[in-house]
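Residue-level structure breakdown
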Amino acid sequence: MYDHEKEIQEIIKRLEKESIKFNEKIILVTGGAGFLGSWICDVLIEQGAYCICLDNLSSGSFDNISHLMDKKNFRFLNHDISKPIYFGLTNHPMGICVGDIEKIDIVMHMASRASPFEFTKFPISILKSNTLGTMNALGIAKAHNALFFYTSTSEIYGNPPDSAVPTPETYFGHVNPVGPRSCYDESKRAGEAFIKAYELQHKIKAKIIRIFNTYGPRIRYGALFGRVIPNFIHQALNDKDITVFGDGSQTRSFTYVVDEVEGLLKAVHFNAANGEVINLGNDNELTILELAELIIELTNSNSKITHNPLPIDDPVRRCPVLEKAKRLIKWKPTTPLKEGLRVTIEWFKSIENED
Ligand code: UDP
């Protein structure tokens, strides 16, 4: 069993350097059993917050949170946030009620499937999590006068031209509203619009973070929903062909999970992020072909690279401008790609041995 204690302590060390502590806060994390959500729960529990993890386990996994189930300050609710849920009430005609939690301080809405493989299989549930789900999560924040935090995405930008890469938050996007990725891109955009409407009309205090590609231990893997890094690592460790889509000249910039979770929690903490939209990613842009070669090297693999067709609307380049993150939440990514990949490969080896 892989132990994440070292990584969790590293995140806490970085937060405490800025005197960031969530103890005594009551925090709702939707998508709390997912890749990023479960890391957030781990850090919050370790810091002594009361953490309510809400997840319907559609893409999240109970394995990510099972070690937290016996903690006094952890609560798991198996629920789909696209359906209403009320805290502090025992009877509401419109949805499920959780009577004994009377006050929530922070709502972190992180629930959504995020893998391109799922965009064609589960488009309706993706649309619902980011539209109805965001509305329901905002409703909870409004009822409890809680701070609202939303994990949006670089997909907001769609397929930007070279002149808009690296991409600042002010870029409006170049998105196909009826393409195979539109369930995700457009629902995340609608989610942001919901937040702006609640800020305006209900004076909700909210922050929007646009997450760029993130990797690390606990990332989902498997042929049906793998993102590029887990796919390539799995293929490399098993000497299978590395499936580069297209000619591999498309770029991404990858953030290690320890950096990303540090940034997310800094964004929750700093008041300077209130009402703001902030990119959170890595500005080390590389091609998918370079990534494939690096993973072959780090795994000492005999795999060969093969080329499969490029999916429709696959963004050509993706890389953030990080000036706002540096200025407003004192954050920049610090883990070199090689180092993060080494840890991720070790984690993969440990879980593939268990299977
Ligand atoms: N990709 C690839 N081979 C794979 C999986 C993905 O070449 O087995 C490419 C994909 O076409 C995209 C990039 O890797 O250009 C990143 O894909 P991912 O699924 O991680 O997410 P995206 O960044 O497209 O949302």
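Bear in mind the structure is a predicted one, so any value in this text is a computation, not a measurement.

**Examining unusual backbone geometry**
Of the consecutive residues Val-165 and Pro-166, the connecting peptide bond is found in the cis state with omega at -5°. Residue placement: Pro-166 occurs in the loop between strand 7 (147-153) and helix 6 (182-202). Backbone geometry places Glu-24, a non-glycine residue, at a positive phi of 75°. Here Glu-24 is to be found in the loop between helix 1 (5-17) and strand 1 (26-30). Despite not being glycine, Arg-218 has its phi angle at roughly 85°, a positive value. Examined against the element boundaries, Arg-218 turns out to sit in the loop between strand 9 (214-215) and helix 7 (228-237).

**Let's talk about the sheet that holds strand 3 (residues 74-78)**
Read across the sheet, seven strands follow the order 3-2-1-6-7-8-13 without closing on themselves; strand pairing throughout is parallel. Only two strands of the sheet have a single neighbouring strand rather than two, namely strand 3 and strand 13 (277-280). Averaged over all pairs of adjacent strands, the angle between strand axes in this sheet comes to 20°, irrespective of strand direction. Examined bridge by bridge, strand 6 (residues 106-109) and strand 7 share four bridges and lie parallel to one another.

**Topic: the packing of aromatic side chains**
Under the criterion given, the structure shown has eight aromatic pairs. Ring centres of Phe-119 and Tyr-184 lie 4.9 Å apart, and the angle between their planes is 20°; this geometry places the pair in the stacked category. Of this pair, Phe-119 sits in helix 3 (residues 116-121) while Tyr-184 sits in helix 6, placing them 65 residues apart in sequence. Note on Tyr-184: relative accessible area 7%, which makes it buried.

**Some thoughts on the site of the ligand**
What surrounds the ligand is a group of 17 residues, the closest being Thr-243, Phe-245, Arg-252, Asp-314 and Arg-318. At a separation of 2.7 Å, an oxygen atom of the ligand approaches a polar side-chain atom of Arg-252. In the complex, the protein chains occlude 97% of the 520 Å² of accessible area that the ligand would expose alone. For the shell around the ligand, the secondary-structure elements that each account for two or more residues are helix 7 and strand 10 (242-245). The residue inventory of the shell around the ligand, partitioned by class, reads seven nonpolar, four polar and six charged.

**Description of the packing of helix 7 against helix 9 (residues 288-299)**
Relative placement of two packed helices is described by the angle separating their axes and the distance separating the axes. Close contact between helix 7 and helix 9 brings their axes to 9 Å; oriented N to C, the two are set at 40°. Classified by the angle between their axes, helix 7 and helix 9 sit oblique to one another. The crossing of helix 7 and helix 9 is right-handed. Counted together, Val-228, Ile-229, Phe-232, Ile-233, Ala-236 and Leu-237 of helix 7 and Ile-288, Leu-291, Ala-292, Ile-295 and Thr-299 of helix 9 form the full contact between these two elements. The residue inventory of the contact of helix 7 with helix 9, partitioned by class, reads ten nonpolar, one polar and no charged.

**Digging into helix 6**
Taking 1.5 Å per residue as the helical rise, helix 6 with its 21 residues ought to reach 30 Å, and the 28 Å between its terminal C-alpha atoms agrees with that figure. Listed as buried for helix 6 are Ser-182, Cys-183, Tyr-184, Asp-185, Ser-187, Lys-188, Gly-191, Glu-192, Ile-195, Tyr-198 and Glu-199. Residues of helix 6 that are buried make contact with helix 3, helix 4 (123-130), helix 5 (132-144), strand 7 and strand 8 (206-211). Note on helix 6: the residue one or two positions beyond its end, Lys-203, has a positive phi of about 60°.

**Let's talk about the pattern of salt bridges**
Using the criterion set out here, one finds 25 salt bridges in the structure. Lys-330 is the partner of Glu-18 in a salt bridge, and the nearest nitrogen-oxygen pair spans 3.6 Å. With a gap of 312 residues between them, Glu-18 in the loop between helix 1 and strand 1 and Lys-330 in the loop between helix 10 (323-329) and helix 11 (337-354) connect regions that are remote in the sequence. A relative accessible area of 49% places Lys-330 in the partly exposed class. Glu-262 is the partner of Lys-266 in a salt bridge, and the nearest nitrogen-oxygen pair spans 2.9 Å. Residue Lys-266 and its partner Glu-262 are both found in helix 8 (residues 257-269); the two are separated by four residues, about one turn of the helix. Each of the two residues, Lys-266 as well as Glu-262, counts as buried. Each member of the salt-bridge network shares a partner with another, and the members are Glu-10, Lys-13, Arg-14, Asp-259, Glu-262 and Lys-266.

Procedures and definitions
Residues numbered from 1 in each chain as written. Predicted model: local features only at pLDDT ≥ 70, side-chain atom pairs only at ≥ 80, totals over all residues. Heavy atoms only, no water. Helix = DSSP H or I, 4+ residues; strand = E, 2+ residues; numbered from the N terminus. Pairing = 2+ DSSP bridges. Axes fitted to C-alpha atoms, helices over the stretch in contact; angles between N-to-C directions. Phe/Tyr/Trp six-rings, centres within 6.5 Å; stacked < 30°, edge-to-face > 60°. Buried < 20%, exposed > 50% of the residue type's maximum accessible area, 1.4 Å probe, protein only. Near = heavy atom within 4 Å. Polar contact = N/O pair within 3.5 Å; in protein donor to acceptor, adjacent residues only side chain to side chain. Areas by Shrake-Rupley, 256 points an atom, 1.4 Å probe, with all protein chains shown as cover. Nonpolar A, V, L, I, M, F, W, Y, C, P; charged D, E, K, R; others polar. Parallel < 35°, antiparallel > 145°, perpendicular 65-115°, else oblique. Left-handed = near helix turned anticlockwise from the far one by under 90°. Contact = heavy atoms within 4.5 Å. Expected span 1.5 Å × (residues − 1). Salt bridge = Lys/Arg side-chain N within 4 Å of Asp/Glu carboxyl O.

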